[in-house]
Amino acid sequence: MPISVAFLGLGAIGAPMAAHLARAGHLLTIWNRTTARATGSAAAAAGARVATSAADAVRDAEIVITCLPESSDVAELLAAADHALLKALRPGMLLVDCTSGDPDTSRRIASDLAAIGVGFIDAPVSGGVAGAEAGTLTVMVGGPADALERARPVLESFAGKIVHCGALGAGHALKAVNNALLALHLWSTAEGLVAAMKAGVAPQVALDVINASSGRSNASMNLFPERVLTGAFPRTFRLALLAKDAGIAASLARAQKSASPTLQLAADLMRIAHLELGDEVDHVEAVTLVERWAGVELRS
Ligand code: NDP
């Protein structure tokens, strides 16, 4: 059964997710802050209506999906222009937030929406732009199980795996932890390869051995061979967003008063790399800072 869906935020990952919704036959309306990105999108080409504002987009929606950089962007969008979007939402609607956000802000948003009869689940995704294009994303959901069941036919348009992680905020918490681990794997693999290189082992040889041994990770198996050794660095997931995620994981751990020096380290390293390299670089380019500090390059 086609479902009426509004999709807000057609960035690097939102755009291919929305395209799957349109191709799956859902009644899709899309909105993006920069309109040209919506009108030129694959979702529009597949028949989605391009809305003139976020409030216009949700007019007839049963399910509203947000995919913005941070939870604060979702809260600001709801409140913008004298709460135009918030006022356009109707009782019975469900907001599915695919932003990689932070649990506290999401719980506040959920509480504001509950006051007007609108449901909320956090549903961040993993799998990258390649996974979004293939329709094989993993969706990690926090919130009521019945709300997830309502959203499931929509999420299935772009997901290979959907996991109910727990109460509101659980999806965002897990996503932040996953990405803090990604940050640590990226950084520590770069340090290890630099150390091996200075000890006379070529990066390709070091990766061949690590990837057949217990030090391997997605970073060593995929990101280093495809992006670091080639120097290709395609821009799929901004370092600014990874720094944000690692920061969320570290502040979660701090709030729980658990000893977590490596989560804090991941947040600090990504913040430094983001400050050094700027807003637009891809997350994998963080390793160029390790290279710069060491005075070597890990190219083949
Ligand atoms: P991008 O930076 O590519 O796009 C951000 C999108 O949000 C754009 O559509 C942008 O509009 C819009 N936007 C930014 N700020 C606001 C605002 N204040 N109000 C309204 N719209 C706004 O991000 P991604 O698509 O890469 O990421 C989106 C979310 O998905 C993030 O939380 C990210 O961490 C997460 N994610 C990303 C992955 C990836 O591989 N890229 C993988 C998994 C999760 P405009 O076009 O006008 O700039």
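Basis of the calculations
- Per-chain numbering applies: the sequence of each chain, read as written, is numbered from 1 onward.
- Local features in this predicted model are restricted to residues whose pLDDT is 70 or higher, and side-chain atom pairs enter the listing and the counts only when it is 80 or higher, whereas totals over whole chains, interfaces and linings include all residues.
- With hydrogens and water set aside, each side-chain value is computed from the structure's full complement of heavy atoms.
- Axes here mean lines fitted to C-alpha atoms, for a helix over just the part in contact, with angles spanning 0 to 180 degrees between N-to-C directions.
- Helix numbers and strand numbers start at the N terminus; a helix is a DSSP run of H or I with at least 4 residues, a strand a run of E with at least 2.
- Any angle from 65 to 115 degrees is called roughly perpendicular, while one under 35 is roughly parallel, one over 145 is roughly antiparallel, and all others are oblique.
- Residue contacts follow a heavy-atom distance rule, with two residues in contact if any of their heavy atoms lie within 4.5 Å.
- Under the grouping applied here, Gly and all other residues not named as nonpolar or charged are polar, the nonpolar ones being Ala, Val, Leu, Ile, Met, Phe, Trp, Tyr, Cys and Pro and the charged ones Asp, Glu, Lys and Arg.
- For the purposes of this description, domain bounds are those given by an automatic or database domain assignment.
- Two parts placed together each lose some accessible area under a 1.4 Å probe, and adding up what both lose gives the buried area.
- Two N or O atoms form a polar contact when they lie within 3.5 Å of each other; inside protein one atom must be a possible hydrogen donor and the other a possible acceptor, and for residues adjacent in sequence the pair counts only when both atoms belong to side chains.
- Here a cavity means grid points, on a 1 Å grid over the protein atoms only, where a 1.4 Å probe fits yet cannot get out; a pocket means an open set of points with protein on both sides within 12 Å along at least five of seven lines; lining residues are those with an atom within 4 Å of a point.
- Grid points are joined across faces, edges and corners, and a volume is the space filled by probe spheres set on the points.
- Centres within 6.5 Å make a pair out of two Phe, Tyr or Trp rings, where for Trp the six-membered ring is used; the pair is then stacked when the planes are under 30 degrees apart, edge-to-face when over 60, and tilted otherwise.
- Summary of the distance rule: residues count as near a molecule or strand when at least one heavy atom falls within 4 Å of that molecule or strand.
- The Shrake-Rupley method, run with a 1.4 Å probe sphere, supplies the accessible areas, and residue values consider only the shown protein chains as cover.
- For a cavity or pocket, the test is whether more than half of a molecule's atoms lie within 2 Å of its grid points; if they do, the molecule sits there.
- Here's how the labels work: a residue is buried when its accessible area is under 20% of the maximum for its type, exposed when over 50%, partly exposed in between, all with a 1.4 Å probe on protein chains only.
- In this description, strands pair whenever DSSP reports at least two bridges between them.
- Seen with its strands pointing away from the viewer, a crossover is right-handed if its path from the first strand over the helix to the second goes clockwise.

## Comments concerning the packing of helix 9 (residues 170-198) against helix 11 (residues 218-228)
Close contact between helix 9 and helix 11 brings their axes to 9 Å; oriented N to C, the two are set at 70°. Put simply, helix 9 runs roughly perpendicular to helix 11. Listed contacts from helix 11 to Leu182, His185, Leu186, Thr189, Ala190 and Leu193 of helix 9 are Ala219, Ser220, Leu223 and Phe224. Residue composition of the contact of helix 9 with helix 11, by class: seven nonpolar, three polar and no charged.

## Observations concerning the domain arrangement of the protein
Size of an interface, as often reported, equals the accessible area lost when the parts are brought together. In terms of domains, the protein is made up of domain 1 (4-167) and domain 2 (173-294). Placing a centre on the C-alpha atoms of domain 1 and another on those of domain 2 gives a separation of 28 Å. Both sides together, the interface formed by domain 1 and domain 2 hides about 850 Å², and carbon and sulfur atoms give 71% of it. Among the residues domain 1 hides against domain 2, the three largest losses belong to Ser100, Pro103 and Met140. Together they make up 41% of the total. Our enumeration of links across domain 1 and domain 2 arrives at three residue pairs in polar contact (both at pLDDT 80 or more). The class makeup of the residues in the side of domain 1 that touches domain 2 is eight nonpolar, three polar and two charged.

## Topic: the layout of surface pockets
The volume enclosed by the largest pocket comes to roughly 1,400 Å³. Residue lining of the largest pocket: 45 residues in total, with Ala12, Ile13, Thr236, Phe237 and Leu241 positioned closest to the centre. When contributions to the lining of the largest pocket are tallied by element, the ones reaching two or more residues are helix 5 (71-88), strand 7 (125-126), helix 7 (128-134), helix 9, helix 11 and helix 12 (239-255). Residue contributions to the lining of the largest pocket peak at five residues, all from helix 9. Residue classes in the lining of the largest pocket are distributed as 17 nonpolar, 16 polar and 12 charged. Lining the lining of the largest pocket are residues from two domains, each supplying at least three of them: domain 1 (4-167) and domain 2 (173-294).

## Structural notes on the side chain of Ser41
By secondary structure assignment, the location of Ser41 is in the loop between helix 2 (35-39) and helix 3 (42-45). Looking at Ser41, its side chain comes within polar contact range of the main-chain nitrogen of Ala44, at 3.1 Å. Excluding residues that lie within four positions of it along the chain, Ser41 makes contacts with Leu10 and Ile30.

## Re the packing of aromatic side chains
Tallied over the entire structure, the rule returns one aromatic pair. Between Trp187 and Trp293 the ring centres are 5.7 Å apart and the planes differ by 65°, which places this aromatic pair in the edge-to-face class. Pair noted here: Trp187 is in helix 9 and Trp293 is in helix 14 (residues 287-294), with a separation of 106 residues, a long-range link.

## Description of the site of the ligand
Taken together, 25 residues form the shell around the ligand, and within it Asn32, Thr34, Arg37, Pro69 and Thr236 come nearest. At a separation of 2.5 Å, an oxygen atom of the ligand approaches a polar side-chain atom of Asn32. Between the ligand and the protein, one listed contact pairs a nitrogen atom with a backbone N or O atom of Thr236 at 2.8 Å. In isolation the ligand exposes 900 Å². Once the protein is present, 90% of that is buried. Assessed atom by atom at 2 Å from the grid points, the ligand resides in the largest pocket. Among the secondary structure elements, those contributing two or more residues to the shell around the ligand are helix 7 and helix 12. Residues that form the shell around the ligand fall into these classes: 10 nonpolar, nine polar and six charged. Both domain 1 (4-167) and domain 2 (173-294) contribute no fewer than three residues apiece to the shell around the ligand.

## Overview of the pairing of strand 8 (residues 137-142)
With five of its six residues buried, strand 8 lies for the most part within the structure. Relative to strand 9 (residues 159-166), strand 8 is paired through six bridges, and the arrangement is parallel. By the bridge assignment for strand 9, Gly142 is matched with Gly166. Of the crossover connections in this fold, the one passing from strand 8 over helix 8 (residues 145-155) to the parallel strand 9 is right-handed.

## A word on the environment of Leu239
Considering the arrangement of structural elements, one finds Leu239 in helix 12. Residues Leu239 and Thr262, spaced 23 residues apart in sequence, show a C-alpha to C-alpha distance of 18 Å. In this view, Leu239 contacts Met270, Ala273, His274, Leu277, Val281, Asp282, His283 and Ala286; residues no more than four positions away in its chain are not counted.

## A few points about unusual backbone geometry
Even without being a glycine, Ala81 presents a positive backbone phi close to 50°. Relative to the helices and strands, Ala81 is located in helix 5. Overall, Ala81 belongs to the exposed group, its relative accessible area being 68%. Here the phi dihedral of Asp82 falls at roughly 55°; this positive angle occurs in a residue that is not glycine. Position of Asp82 relative to the elements: it lies in helix 5. For Asp82, a relative accessible area of 57% corresponds to the exposed category.

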